[in-house]
Amino acid sequence: MIATGSPVVPTKAIAGLASVIVVTANSGPLTRKCIDRVLASTDPFEIIIVDNASTDGIIESLQRAHADDPRVRIERNSVNLGFGAACNRGARLASGDALLFLNPDCLPDSDTLFRLRSVATDHPRAGLLGVTVEDAQGQVDRASCRREPTLWRAICSMTGLSRFEARFSSLAGVDMQVGAHEQDACRVDAVSGACMFVDRRVFAAISGFDEGYFLHCEDLDLCRRVRDAGHEVLFVASIRLRHEQGSSSHRRSIFVARHKHRGMWRYFRKFDPAARNPLLRGIVWCGIWGHFMLMLPVYALRQQRSRGR
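The structure displayed is predicted, hence computed values, not measured ones.

(A) Summary view of the packing of helix 9 (residues 253–271) against helix 10 (residues 278–307). Interhelical geometry of helix 9 versus helix 10 gives an angle of 165° and a closest axis separation of 9 Å. Comparing the axis directions of helix 9 and helix 10 gives the class roughly antiparallel. Note that helix 9 runs across helix 10; the crossing there is right-handed. On the side of helix 9, the interface is formed by Ser253, Ile254, Ala257, Arg258, His261, Arg262, Met264, Trp265 and Phe268, while helix 10 contributes Arg281, Val284, Trp285, Ile288, Trp289, His291, Phe292, Leu296, Tyr299, Ala300, Arg302 and Gln303. Its residues placed into classes, the contact of helix 9 with helix 10 shows 13 nonpolar, 4 polar and 4 charged.

(B) Summary view of the environment of Val133. Secondary-structure assignment places Val133 in strand 6 (residues 126–134). If we ignore the near neighbours within four places in the chain, the residues touching Val133 are Gln139, Val140, Asp141, Ser144, Ser192, Leu241 and His243.

(C) Looking closely at the side chain of His261. Within the secondary structure layout, His261 lies in helix 9. A relative accessible area of 4% means that His261 is categorised as buried. Those residues in contact with His261 that lie beyond four places of it in its chain are Ile288, Trp289, His291, Phe292 and Tyr299.

(D) Here's a closer look at the packing of helix 1 (residues 30–39) against helix 2 (residues 58–65). Look at helix 1 against helix 2: their axes get within 9 Å of each other, and the N-to-C directions meet at 35°. As helix 1 packs across helix 2, the resulting crossing turns out to be right-handed. On helix 2, the residues touching Thr31, Arg32 and Ile35 of helix 1 are Ile58, Ser61 and Leu62. Of the residues in the contact of helix 1 with helix 2, the class split is 3 nonpolar, 2 polar and 1 charged.

(E) The arrangement of the side chain of Asp272 in detail. Topologically, Asp272 is positioned in the loop between helix 9 and helix 10. For the buried Asp272, no salt bridge exists, and the shortest N-O distance to an oppositely charged side chain is 7.7 Å, to Arg276. A distance of 2.7 Å separates the side chain of Asp272 from the backbone nitrogen of Leu151, its partner in a polar contact. Residue contacts for Asp272: discarding those within four places in its chain leaves Pro149, Thr150, Leu151 and Tyr267.

(F) Region of interest: the packing of aromatic side chains. All chains considered together, the criterion is met by 9 aromatic pairs. When the ring of Phe83 is compared with that of Phe209, the centres are 5.9 Å apart and the planes differ by 75°; the resulting orientation is edge-to-face. Linking Phe83 in helix 3 (residues 83–93) with Phe209 in the loop between helix 6 (200–205) and helix 7 (218–228), this pair joins segments that are 126 residues apart in sequence. Each member of the pair, Phe83 together with Phe209, is buried. By way of ring pairs, the aromatic residues Phe83, Phe101, Phe203 and Phe209 are connected into one cluster. Taking the ring centre of Tyr213 as reference, the NZ or CZ of Arg266 above it sits at 5.4 Å.

(G) Main features of the pairing of strand 10 (residues 195–199). Buried residues dominate strand 10, accounting for 5 of its 5 residues. Looking at chain direction, strand 4 (residues 96–102) and strand 10 are connected through 5 bridges and run antiparallel. Bridge assignment links Leu102 to a residue of strand 10, and that residue is Cys195. Pairing between strand 6 and strand 10: 2 bridges, direction antiparallel. Its bridge partner lying in strand 10, Leu128 is registered against Val198.

Criteria and cut-off values
Residues numbered from 1 in each chain as written. Predicted model: local features only at pLDDT ≥ 70, side-chain atom pairs only at ≥ 80, totals over all residues. Heavy atoms only, no water. Axes fitted to C-alpha atoms, helices over the stretch in contact; angles between N-to-C directions. Helix = DSSP H or I, 4+ residues; strand = E, 2+ residues; numbered from the N terminus. Parallel < 35°, antiparallel > 145°, perpendicular 65-115°, else oblique. Left-handed = near helix turned anticlockwise from the far one by under 90°. Contact = heavy atoms within 4.5 Å. Nonpolar A, V, L, I, M, F, W, Y, C, P; charged D, E, K, R; others polar. Buried < 20%, exposed > 50% of the residue type's maximum accessible area, 1.4 Å probe, protein only. Lys, Arg positive; Asp, Glu negative; His and termini not counted. Salt bridge = Lys/Arg side-chain N within 4 Å of Asp/Glu carboxyl O. Polar contact = N/O pair within 3.5 Å; in protein donor to acceptor, adjacent residues only side chain to side chain. Phe/Tyr/Trp six-rings, centres within 6.5 Å; stacked < 30°, edge-to-face > 60°. Lys NZ or Arg CZ within 6 Å of the ring centre and 35° of its normal. Pairing = 2+ DSSP bridges.

Rendered as structure tokens:
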């Protein structure tokens, strides 16, 4: 059994208030832009910034800029707790009946919160909502909506077999095609962790994020446990969010990649039936960490180039 974190998240909350939780870790100047965009929201909100031991000076500047704004609260950790653990800490401090976990390099529109709450109200079985995430050039992030990342689906995605899923549904990969004209919310297995709107009661019932993940795959895990608890994960294609993809991850490419691969291994062990087979479990372990070692020179080069800018 792989234990999850067990944060105490009170279910009693202020109705109609959204608690926007932003986790930072040397996230750079885009954080200020993100917070400014949230502050322009038309729906009632509070912002809880949970900082994982940043040293880039951005948190200090935010403290000065918003010292007199009761809507903004900043909590600082003396060490990097990881993404999920920091989100859980933010949730424990939250007052709203809905939690919006937002990456610090995401730029929501002024009506994003209003539209998310409207969809949630129209779908009472929804426990978690995601949106269409786009990069600065308007390209849709493939992780905006995903299927359960089983071993077979991962193989189909990695080998390119998923290109034939329109003809052979058994070859479907992890990523789903985002409908260009889809307006209504649709049920999916998982959405992007860059922006997740979660019912507070549901979050409390499943004990929040699994803190066994440090960085990456904790969003997949949360979506899975929301579904396992009997709630719907909805993808709202008509709500679009700009994700600037901040440079902090590129400056720590090896660190980020290592934890991403570690998260993939943890998720596989927790949820994939194939993990019960010792032979398959060994093959997957070799595949995950073999891929990491193979890509290590690429991560190192990316890291060097980013730091040289």
